[in-house]
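Tertiary structure, described
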Protein chains: 2
Amino acid sequence: MSEVHVSRRARLRDRCAASTAHDGPADAVLISRPANVRYLTGRAAPGSVLLLGPDGADTLVSAPGEGPANGAHPADDLRELTLEVPSGAESAEAHGAAGYDAAVAAAGIAERSGAGALAVEEHHLTVARHRALAAVAPSVRLADLGLAVEQQRVIKDEEEISALRVAAEITDQALGELLESILVGRTERHLALELERRLIDHGAEGAALPTSVAAGPNSGLPGHRPTDRRVEEGDFLAVRLGARYRGYGCQIGRTFVIGTAPETWQIELYDTVFAAQRAARESLGPGTECREVDRAARQVLAAAGHGAALGESTGHGVGLEIGEDPRLSPEAVGKLDACVPVTVQPGVHLPGRGGVRIDDTLVVRPQADGGPELLTITTKELLAL
Amino acid sequence: MSEVHVSRRARLRDRCAASTAHDGPADAVLISRPANVRYLTGRAAPGSVLLLGPDGADTLVSAPGEGPANGAHPADDLRELTLEVPSGAESAEAHGAAGYDAAVAAAGIAERSGAGALAVEEHHLTVARHRALAAVAPSVRLADLGLAVEQQRVIKDEEEISALRVAAEITDQALGELLESILVGRTERHLALELERRLIDHGAEGAALPTSVAAGPNSGLPGHRPTDRRVEEGDFLAVRLGARYRGYGCQIGRTFVIGTAPETWQIELYDTVFAAQRAARESLGPGTECREVDRAARQVLAAAGHGAALGESTGHGVGLEIGEDPRLSPEAVGKLDACVPVTVQPGVHLPGRGGVRIDDTLVVRPQADGGPELLTITTKELLAL
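The rules behind each value
- Residues numbered from 1 in each chain as written.
- Chains lettered and ligands numbered in written order.
- Predicted model: local features only at pLDDT ≥ 70, side-chain atom pairs only at ≥ 80, totals over all residues.
- Heavy atoms only, no water.
- Helix = DSSP H or I, 4+ residues; strand = E, 2+ residues; numbered from the N terminus.
- Expected span 1.5 Å × (residues − 1).
- Polar contact = N/O pair within 3.5 Å; in protein donor to acceptor, adjacent residues only side chain to side chain.
- Salt bridge = Lys/Arg side-chain N within 4 Å of Asp/Glu carboxyl O.
- Buried < 20%, exposed > 50% of the residue type's maximum accessible area, 1.4 Å probe, protein only.
- Phe/Tyr/Trp six-rings, centres within 6.5 Å; stacked < 30°, edge-to-face > 60°.
- Lys NZ or Arg CZ within 6 Å of the ring centre and 35° of its normal.
- Domains from an automatic or database assignment.
- Buried area = accessible area lost by both parts, 1.4 Å probe.
- Nonpolar A, V, L, I, M, F, W, Y, C, P; charged D, E, K, R; others polar.
- Contact = heavy atoms within 4.5 Å.

1. Comments concerning helix α7 (residues 158–179) of chain A
For an α-helix the count is 3.6 residues per turn, leaving residues at separations of three or four pointing the same way. Helix length check: α7(A) (22 residues) gives 31 Å between terminal C-alpha atoms against 32 Å at 1.5 Å per residue, within 8%. The backbone nitrogen of A:E159 lies 3.1 Å from a side-chain oxygen of the residue at the head of α7(A), namely A:D157.

2. What about the pattern of salt bridges?
Within the structure shown, the criterion is met by 64 salt bridges over all chains. Across the pair B:E321 and B:R153 runs a salt bridge whose closest N-O atoms are separated by 2.9 Å. Taken together, the positions of B:E321 in the loop between β13 (315–318) and β14 (322–328) and B:R153 in helix α6 (residues 148–153) put the pair 168 residues apart, joining distant regions of the chain. Owing to a relative accessible area of 22%, B:E321 belongs among the partly exposed residues under this scheme. Connected via shared salt-bridge partners are A:R33, A:E150, A:R153, A:K156, A:E321 and A:E324.

3. A look at the packing of aromatic side chains
Residue and element names in this part refer to chain A. In the structure shown here, the tally under the stated rule is 2 aromatic pairs over all chains. Ring geometry for F236 and W265: centres 5.5 Å apart, planes at 85°, overall edge-to-face. Here the residue F236 occupies a position in strand β9 (residues 236–241), and W265 occupies one in helix α9 (residues 264–283), the gap between them amounting to 29 residues. With relative accessibility at 2%, the residue F236 sits in the buried group. Using a relative accessible area of 18% as the deciding quantity, one classes W265 as buried. We note R353 situated over the ring of W265; from NZ or CZ to the ring centre the distance is 4.2 Å.

4. Things to note about the domain arrangement of chain A
Interface size is often expressed as the accessible area that is lost when the parts come together. Residue and element names in this part refer to chain A. Parsing chain A into structural domains produces domain 1 (2–152) and domain 2 (158–374). Distance from the C-alpha centre of domain 1 to the C-alpha centre of domain 2: 35 Å. With both sides pooled, the region where domain 1 packs onto domain 2 buries about 560 Å², and carbon together with sulfur makes up 47% of that total. A per-residue breakdown of the area domain 1 buries against domain 2 is headed by A35, R38 and Y39, which together make up 57% of the total. Summed over the shared surface of domain 1 and domain 2, the number is 3 salt bridges. The shortest N-O distance in the salt bridge between E321 and R33 comes to 2.4 Å. In this assembly, domain 1 and domain 2 are joined by 1 residue pair in polar contact (both at pLDDT 80 or more). In terms of residue count, the dominant contributor to the side of domain 1 that touches domain 2 is helix α2 (residues 34–41) (3 residues). Its residues assigned to classes, the side of domain 1 that touches domain 2 shows 2 nonpolar, no polar and 4 charged.

5. So, the environment of A:A57
Residues and elements named next belong to chain A. Within the secondary structure, A57 sits in the loop between β2 (49–52) and β3 (58–62). Separated by 108 residues in the primary sequence, A57 and R165 have C-alpha atoms spaced 34 Å apart. Residue contacts for A57: discarding those within four places in its chain leaves R13, L51, L52 and R79.

Set out below in structure tokens:
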């Protein structure tokens, strides 16, 4: 695994050294976004930053008391440096975040190593931190790295996809167990906590995203936060959850009917959303435009009179973060590649009545290999529970 | 409650308009840190920003699909504006965060309103967002607001302290129930999930901080993340948790012994940490230097040979965030005031053996009023469970 991180860092260095780099070539790089630091080092270390130095040395710099959770890998040439609390230093209150700032320390190392240009993540560093970096590294030109690491993360290797498969299995298991339990009379909040407990029981590090349980008139709302509303006979019950495993998170969403006999409007609405989600799933393939996946779902919903229901997007990438690139939306300009995992998550909400959301996580694969690989395999048939 | 927010915003405006403001006077202010937006508006709205306009109008600007969770209060003159998804706009991928950015929209409003200087939170806005603001507001000087809102938040009013009292009650109840249940054989992870479920059961919005359960050799480690280690006879069991209620979070930490007869080293270590925590608690008062509270604990630990154990600080402020100002550390330069809630949370960890942490949340009060008000009232006597 450590060779993977070494080669990812090498690839990033090459990209930054090239004249085509986002903000001009840079001989040093400072990564501060936690998911990006994890991607490039294998370390989950919240306050830490990664410095790719101009001398070819890579260093993980951690703030005091925040060394990485994982141990060092002997095969990895990554150096690790944890800052000491400076004696007699002025209060962190006076300096804001810069007092014990790993990014500031790393910039100082870059300065002393003779870096010409240091590429930093301007979409992550605050203005205050950036000023502090500039103050300790006056000889170094600070350039913008842009979304280089996020772009590198889009296509997953087999090990990452394996982690996503396990995350999906855990998620399916947790959901499956819940469906066998009594639901009527229980609150959305309790069911959400129950789902999260089961994710942990089955081996998840934690929830990949906030667990959503939406019953009755709440069902179908995207991102509904669980309330004290109790599940009742006749309700739609819409559930969304996902496990995080070895850092990788997936997502599933299913909608059920509580009781024995769904009403006609419920069956019709469910069939519409199912058809929209299927159309989007089936459009996934290497070379497909991201906006095309969104359009496939949007067209089906529009034909049924629910064109405005979809919201901003039909889905997004997953990996070390839920909500990664690519974005499956009308404004998206990119195309899909094989080995890109995405969610497909359309839905419709009818105010006052409820609605349906169906979410899957799939990996884009060539048609010759059987088309998209579905990770979240819980049935999408409308179940009455 | 809405008058409270109106007056908080008025106070901030006055501070920013003064020549003594952190980065020169400003006639407009842009607040982007979520806890600060909540403090000034009563709205919990993750992607939203607050604009105090040069014309005296206050506007809460939300990104598409992210309007505030709370309804408008008729007595509050706050305007609310939710952005629409622009048609035909380029992908959010191309623009990074700026595509649907409430802060950028707010800066545009400030420009059109003729603001001379707009104070922004440089310790929160990323470099990329700051550049996007500057691009849409070329006539406006962007100034740094600094920590003005954080400083305004330090002293709590009675309503805030009431919320903290309820949060503490909920926390004490959840912990108390756990102590009545069987602990031996259960994993740290399960106990942590159980505690969080009980917080919700008793009315918390959620956990104010990650719940820590540390058994045996893990006990006494600050910020220990629960593992699959099972609780055993003879263990120290150190627990830290906190409820969030109406946005306000508190924190409690207690250490117990599992079984009937604590060993001598356990009793001695516990007595030492208890004495250190008591010394720090008793030093709290209006006018006390923050570093003095830390020194009170540190001296007791040092006298027992554990001087290095304390780490960076003995405690910190609480409120809408756990870990607010003030910081009770050796480098702190400020003083305490009445109505400032703080944690006092020293501890000692002996590698391989375990340790003790005792955390309380208290409100600084004048001695004439009885001294510091203890919010977290679970007994600190060493219990054998």
